[in-house]
Amino acid sequence: MKSYLKSFFGCILIFLIFWTPLAFYPFIAGEYNNLGEIASKQLSSKNIVLYDTALHSITHDYKNFIFRKLHPEVVVIGSSRVMEFGQYMFSKSFYNLGSVMNRLEELQNYKSSLIEKTPPLVLIGVEPWWFNPEIYAGPNAKRFTTKLTGIKEDNHPIFSPTDAFKIFNWLIEGRISLSEYFNSLFIGNENIGMFGKIGDGYGVDGKRYNTSIKTKKDINYPDAKGFKSTLSDVNLGGFPFVHSFFSDDKKIEEFIEFIDTLSSKGISTILFIPPLAPEIYARVQELSNEYNYIKDLKEKFKNKGLVLHDFLDPSLIDSGSCEFRDGTHGGEITYLRLLTELVKREPLLIDYIDLENLLTLVNENEGLTFIPNARVTDKPEVDFLLMNCVK
């Protein structure tokens, strides 16, 4: 009997030793911090404090909350493809509302906040697929559409007992390394959230940092060796590269209504299409029939009197493959290049940037995806794309 009890309690002890850190890890990392706590820490710190949760994303509510706290003079809004813009690129107060508009419907989430705060200038990274009628049909009908749940200070992710199992699976899969796990448990840093702790998250200006990807070589990285994962999506019509011949007139009218609303409140807008990696752009051009809706969209915008700066082709800003994080996301240097070109087309922008400084940063960091910054990471960028990029 005693032997049985020893075995029983021994198993319980082993279970607790193994699972207790997994259960407490997300609390230590700040996964369940509320919006008020996150904002207070980011706004008060002299360092660049990154935030992102791995378990229960509240990105939309978080970004809207910070935006309303800051009252910026210039805002960029769009999908994850505009997340590289940061305050240091602008001479006036700035906030990045990137990663909040994967579909056109999500514009409505931020219309009231933009109208209330009335930033003088809003840059909009326009995604062609917002206007692809095929994306709004079939299995993609509700994909990536998020509504705000609230912007109260006490809004926070909800704890779930299954969170420990998710963390365990990520450790097994290598999404979180053991060193990153133990560092967060016993050493830690100011960053908030499990992703934030490993160097992937949003700064107080809304800019996204992805240092865990860019500072290590991983043969399993989906877009390594020629953006193969994104190329597959382009060829097969995977989201967001769904094939279509025509663009959606109704969606275009909805977008124009949004622009007109901002204009009526004295908010100036600049519209641009973010670039694709060279290999991806070239393949889209080869499949011109499957992606004719992009050409159709640009013609309709022009006929409606909308000025749309098309940077889908990265050669227009002299950005090469090594300056991209993956097939659809350019890095910091890509977007510095875009700004220096955009100001030539939109003189209004000159009042919001230091052009000489941007040009200097481009020249000093050519070929990189992020500008070295010890306040973010002390690790150097490596050839994470495995494409013989010189870093």
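These figures come from a predicted structure and were not determined experimentally.

Asks: Is there a simple way to explain unusual backbone geometry in this structure?
Replies: In terms of backbone geometry, most residues other than glycine have negative phi values and most peptide bonds are trans. That bond from Phe239 to Pro240 is cis: its omega, 0°, falls within 30 degrees of zero. Inspection of the secondary structure puts Pro240 in the loop between α9 (224–236) and α10 (249–264). For Phe227, which is not glycine, the phi dihedral falls at a positive 55°. Of note in the backbone geometry, Asn388 takes a positive phi value of approximately 60° without being a glycine.

Asks: When you look at the environment of Gly199 in this model, what are you seeing that I'm missing?
Replies: Turning to its location among the elements, Gly199 is positioned in the loop between α7 (194–197) and β4 (200–202). A relative accessible area of 7% places Gly199 in the buried class. For the pair Gly199 and Asp52, spaced 147 residues apart in sequence, the C-alpha separation works out to 9.3 Å. Ignoring anything within four residues of it in the chain, the contact list for Gly199 reads Leu50, Tyr209, Asn210, Thr211 and Ser212.

Asks: Looking at this structure, how should I read helix α12 (residues 292–303)?
Replies: An α-helix turns once per 3.6 residues; consequently, residues spaced three or four apart project the same way. Its twelve residues place the ends of α12 17 Å apart at the C-alpha level, agreeing with the 16 Å of an ideal helix rising 1.5 Å per residue. Among the residues of α12, Asn292, Tyr293, Ile294, Asp296, Leu297, Lys300 and Phe301 are the ones counted as buried. Turning to α12, the residues buried within the fold contact α10, β6 (268–273), α11 (278–286) and β7 (308–310). Positioned one or two residues after α12, Gly305 has a phi angle of 85°, which is positive.

Asks: Please clarify how the environment of Leu308 should be interpreted in this entry.
Replies: With respect to the secondary-structure elements, Leu308 resides in strand β7. As for Leu308 and Val126, which are separated by 182 residues in sequence, their C-alpha atoms are 8.3 Å apart.

Asks: What's the story with the sheet that holds β7 in this structure? I'm lost.
Replies: Adjacent strands of a sheet pair through backbone hydrogen bonds, lying either parallel or antiparallel. Pairing is parallel in the open sheet, where five strands are placed in the order β2-β1-β3-β6-β7. Only two strands of the sheet have a single neighbouring strand rather than two, namely β2 (94–97) and β7. Across the sheet, the mean angle from the axis of one strand to that of its neighbour is 20°, orientation sign disregarded. As paired elements, β6 and β7 share three bridges and run parallel to each other. Residue pairing in the sheet places Ile273 in a bridge with Asp310 of β7. Of the strands in this sheet, β1 (74–77) and β2 are in contact with helix α3 (residues 59–70), which crosses β2 at around 165°. The sheet contacts of α10 involve β3 (121–125) and β6, and relative to β6 the element is tilted by about 145°.

Asks: Would you mind going over the state of the cysteines with me for this structure?
Replies: Formally, a disulfide is one covalent bond, and it connects the sulfur atom of one cysteine to the sulfur atom of another. Per the stated rule, a full pass over the model turns up one disulfide. Across the disulfide, Cys322 is cross-linked to Cys389 (sulfur-sulfur distance 2.0 Å). The chirality of the disulfide connecting Cys322 with Cys389 is left-handed, given an S-S dihedral of about -85°. A residue pair is termed long-range when its members are at least 10 positions apart, and Cys322 in the loop between β7 and α13 (332–345) and Cys389 in the segment after α14 (355–364) qualify at 67 residues. Under the relative-accessibility criterion, Cys389 is labelled buried at 9%.

Asks: Teacher, can you tell me more about the packing of α13 against α14 here?
Replies: Packed helix pairs are specified by the crossing angle of their axes together with the interaxial distance, meaning the distance between the axes. α14 packs onto α13 with a crossing angle of 145° between their chain directions and a minimal axis gap of 9 Å. Handedness of the crossing formed by α13 with α14: left-handed. Across from Ile333, Leu336, Arg337, Leu339, Thr340 and Val343 in α13, the residues of α14 making contact are Leu355, Leu358, Leu359, Leu361 and Val362.

About the cut-offs
- Residues numbered from 1 in each chain as written.
- Predicted model: local features only at pLDDT ≥ 70, side-chain atom pairs only at ≥ 80, totals over all residues.
- Heavy atoms only, no water.
- Helix = DSSP H or I, 4+ residues; strand = E, 2+ residues; numbered from the N terminus.
- Buried < 20%, exposed > 50% of the residue type's maximum accessible area, 1.4 Å probe, protein only.
- Contact = heavy atoms within 4.5 Å.
- Expected span 1.5 Å × (residues − 1).
- Pairing = 2+ DSSP bridges.
- Axes fitted to C-alpha atoms, helices over the stretch in contact; angles between N-to-C directions.
- Disulfide = S-S within 2.5 Å.
- Left-handed = near helix turned anticlockwise from the far one by under 90°.

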